[in-house]
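Breakdown of the fold
Given next are the chains, with one letter for each unit.
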Amino acid sequence: MGTIPSETIEQIAAANDIVEVIGSYFPLKRAGANYKALCPFHQEKTPSFTVSPGRQTFHCFGCGVGGSVFRFVMDYEHVDFPSAVRKLAARVGITVVETSRGGAAEEDQQREARRLLLKLHAEAAEWFHNNLMKAQFAAPARDYLEQRGIHRQIIKNWQLGFAPDRWDALLKWALDRGYTRPQLLRSGLVKLRDESDTRSEIYDRFRGRIMFPIHNDVGEVIAFSGRLLKDEEGAAKYLNSPETPLFRKGNLLFGLHKSKRALIEANSAIVCEGQIDLISLFEAGITNVVAPQGTAFTENQARILKRFVDEVVLCFDSDTAGAKAAERSLDALLQNDLIVRVVELPRGEDPDSLVRREGKEKFENRVTSAQDFFDYWIEREMQATDVSSLGAKLQLARRLAETISRVHDSLMRGEVVNKASARLGVSPADFGTLLSTRPRGTASSEAPESAHAQAGPRPRHDIAMLCLLALRDEAARSFLLAQNWRETLEQVPDAEILIRILQSELHPDDPASLSAFMASLSPGEEALVSAWLLQKVPADAETMVEKWWLGIRHAMLRRRLAAAQNRIKLPELSTGDIVNLQKQILDLTQELHQLPKLSSATKIDS
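Cut-offs used in this document
Residues numbered from 1 in each chain as written. Predicted model: local features only at pLDDT ≥ 70, side-chain atom pairs only at ≥ 80, totals over all residues. Heavy atoms only, no water. Axes fitted to C-alpha atoms, helices over the stretch in contact; angles between N-to-C directions. Helix = DSSP H or I, 4+ residues; strand = E, 2+ residues; numbered from the N terminus. Parallel < 35°, antiparallel > 145°, perpendicular 65-115°, else oblique. Left-handed = near helix turned anticlockwise from the far one by under 90°. Contact = heavy atoms within 4.5 Å. Nonpolar A, V, L, I, M, F, W, Y, C, P; charged D, E, K, R; others polar. pLDDT = per-residue confidence, 0-100. Salt bridge = Lys/Arg side-chain N within 4 Å of Asp/Glu carboxyl O. Polar contact = N/O pair within 3.5 Å; in protein donor to acceptor, adjacent residues only side chain to side chain. Buried < 20%, exposed > 50% of the residue type's maximum accessible area, 1.4 Å probe, protein only. Lys, Arg positive; Asp, Glu negative; His and termini not counted. Pairing = 2+ DSSP bridges. Disulfide = S-S within 2.5 Å.

Attention now goes to the packing of helix α1 (residues 6-15) against helix α4 (residues 81-92). Where α1 contacts α4, the two axes come as close as 9 Å, and the packing angle between them is 55 degrees. Accordingly, the angle class assigned to the pair α1 and α4 is oblique. Crossing angle aside, the handedness with which α1 passes α4 is left-handed. Contacts from Ile9, Ile12 and Ala15 in α1 reach Phe81, Val85, Leu88, Ala89 and Val92 in α4. Grouping the amino acids of the contact of α1 with α4 by side-chain chemistry returns eight nonpolar, no polar and no charged.

Predicted confidence across the chain gives a mean pLDDT of 83, with 90% of residues reaching 70 or more. Low pLDDT, under 50, characterises residues 438-453; the stretch is placed with 28 contacts to residues that sit more than four places away or in other chains. Counting contacts from residues 598-606, a segment whose pLDDT is below 50, to residues more than four positions away or on other chains yields 20 contacts.

One pass over the structure, following the stated rule, counts 27 salt bridges. Residue Lys419 pairs with Asp375 through a salt bridge whose shortest N-O separation is 3.1 Å. With Lys419 in helix α18 (residues 410-424) and Asp375 in helix α16 (residues 373-383), this pair connects stretches of sequence that are 44 residues apart. Among the charged side chains, a salt-bridge network with shared partners connects Glu349, Arg357, Glu358 and Arg366.

To continue, consider the side chain of Asp350. Here Asp350 shows up in the loop between β16 (339-342) and α14 (351-358). Side-chain polar atoms of Asp350 contact the backbone nitrogen of Ser353, separated by 2.7 Å.

Here we take up the side chain of Arg477. Within the element layout of this structure, Arg477 appears in helix α21 (residues 474-482). Despite its burial, Arg477 pairs with no opposite charge; the closest candidate is Glu474, at 4.9 Å N-O. Sequence-distant contacts of Arg477, that is, excluding residues within four places in its chain, are made with Leu469, Ala470, Ile501, Leu502, Ser504, Glu505, Leu506 and Pro508.

Working note: regular strand, side chains alternate between the two faces of the sheet. A two-sided burial pattern is seen for strand β14 (residues 289-292), the buried positions comprising Val289 and Ala291 on one face and Val290 and Pro292 on the other. By the bridge criterion, two bridges tie strand β12 (residues 253-254) to β14 in an arrangement that is antiparallel. Along β14, the bridge assignment pairs Leu253 with Pro292. When strand β13 (residues 268-271) meets β14, the two strands line up parallel, connected through two bridges. From the neighbouring strand, Val271 faces β14, where its bridge partner is Val290.

What follows concerns the state of the cysteines. Evaluated as defined, the whole model comprises zero disulfides. No disulfide involves Cys39; its sulfur sits 3.6 Å from that of Cys60, the nearest cysteine. Given the relative accessible area of 6%, Cys39 is considered buried. Looking at Cys272, it has no disulfide partner, and the nearest cysteine sulfur is the one in Cys315, 6.6 Å off. Residue classification places Cys272 among the buried residues on the basis of a relative accessible area of 0%.

On to the sheet that holds strand β4 (residues 57-60). Ordered in space as β1-β2-β3-β4-β5, the five strands form an open sheet in which the pairing is antiparallel. Unpaired on one side and paired on the other, β1 (29-31) and β5 (66-67) mark the two borders of the sheet. Of the pairings in the sheet, the one linking β4 to β5 comprises two bridges and is antiparallel in character. By the bridge assignment, His59 is partnered in β5 with Gly66.

To continue, consider the environment of Ala266. Take Ala266: it is sitting in helix α10 (residues 256-266). Distance from Ala266 to Glu311, taken between C-alpha atoms, is 9.3 Å for residues 45 residues apart in sequence.

What follows is the structure, encoded as C-alpha cells:
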C-alpha cells in the first residue's frame, strides 16, 4: 500500500474544523474558549470531554483519550488512519493521492485498479438506482417494494436499484462509459458465457433483480446483492457479487457502514438474515443491526463485530433453516467471546414482517426478552431427542458437550455446564468429563484490541514542561532547537516524546500542522499531547524554557561526571583509559562550572 503525504494530511486537517466534525456526531456546548460534552468513549454524568477550536484537538479528562480530528474519527467510527483521512477528505472534497513507499510501479497499478473498481461500482449503483426510480421497466420492482413497506425515501436512503431483465444492459452502459472488458470481468458485474474460455462472450451477471449495494464500513460500494423479482426455476432468490479484489463475502457485514455507531452505543448487535429484514428494522428506528452476507457468521465477521459490541442477538427466521443458521453462527461468535441470545420469531414471520405488523416497541420488547442461546438450544435439542433411550441421551450429551467446549469464558462455561447437566439429569462433574480440556480455538485466538488507548504514562515533570512549551510557544520551541538538543536528550530517560516533538516540522501556531504531527503518534502519545495542548502556557515561557533546559543539562552532565569518576576507580584500566577518563572528568567539570547556577525550583536530582 502507498502512503498519504503529510502535506495532504495537513490540508485535510486545515479544511475540517474539529468542532464542526464532532458536532455532526453529537451536540457540543460552549464552555469559555472551548466546547464540552459527555464523553462518547466512557460512561459519565458530568461532561469532561473537551474540544479546543483554537488547537483543533479533543481530550477527555475522565478516561484520558484525546488527539486530533483524525483520532476522533478513528475511535468514534472504529476505522484505521487511512480510512479516517479518506472520510474527512471526502467531507471537504479533497482528493487523496497516495505515494508508493519505494516508487514501486506494481503498487501504483494496484492502487489505480482499485480506484477504477470503486468508481465503476459507485457509478453502477447510481445507474441501478436511477433505473428503479425512473424507468418504466422497473415499475413491477417499485410495486413489489411498496408492498413490502419499502417506500421511495427508503429506496433513496439505501440507494436500492434494479437490473433490467436483459443480457447486456449494464454491459453496454459500462462500455459506453469507457470501461474495458477486463475491468468489467474483474468487477464481477459481468461473467463469461464459457468460464473455461477467457475469450468467450460476456453478459450481465444481474438481470431482472432488485439491487442492494453492499458497502464497506467506510461507505464505499464494493459489491451488490440482487433479489430475483419473479421466481424462476433453478434460479437463486438472492445472487451476490463474486469475490473480487474489493469484496470478500466472509469479511463484511451488510449495513455496518450505517449502524456501527448504534452498535457501539447499545453494545449489542441484532443480527438478521436478509437485506430487507435489516432495512425494515433500521428504518423503524432499530438501528443496531447487521446482516452477514449469507446465513452463518464467519470467524472474520465475528471478529469485526467484537470491535463494536459484547453481545449478539440472533434474529433469524423461525424455520428450520433459520435455526440451523443460528447454530452454525455459534462457533465463530463464541470464539470471539461474544454473549449470544436468540429471538424466537412466530412461525411464518421474519423481522421485516414482524416489525411492520407489531411496530418498533413490541419488536424491541422481543429483543429485550430474548433467550440466552444455550437455554434456547438445549431446550430445542431436548425436544428433538428421546431421552428415555440411553443411547440417544448419551449422543445428545456428547453433542452438547462438544459445543460447550467452545466457550472460552470459564464463568460462562460453568453456567452452561450446570444448565445442560440439569436438563439431562446428570451431575455437573459427570457431564464435565465429556468436555474438551481446552476450548476449541484457544491456541490461535487473539485478545481483541482495545477500541482506543488512554493517555500513556506521563514523562517526568521537567520533560513534560519542555514538551508543553515546545508544543505551545514558538519562541520556546526556537530556543530548544538552537541547543544541542538531540545529543542531550538521547541521554535523558523519558525524553523520547520530546525528541519526536523537536524533530517534527510542527508549528505551534498552526493547528493543521499539530494535527499532522499527532497523526504520526501512537494513541497513547496522542492523548498525552492533546492534554498538553489544553493546558495554560506560563506567561514567561521564554524564561521558563531556559530554566528547565538548564536543569536537564545540569542533571545530564552530573550523571556523566559521576559515571566517569566511578569508572576511573576500576583496577583493570590501562594507562590510556585513565588518561582519557581524566580528560573527560576535567571537561565535564569545566562545562558544569560554565553553566549558570540553578535555582532550587529547577534543580533536578541526578
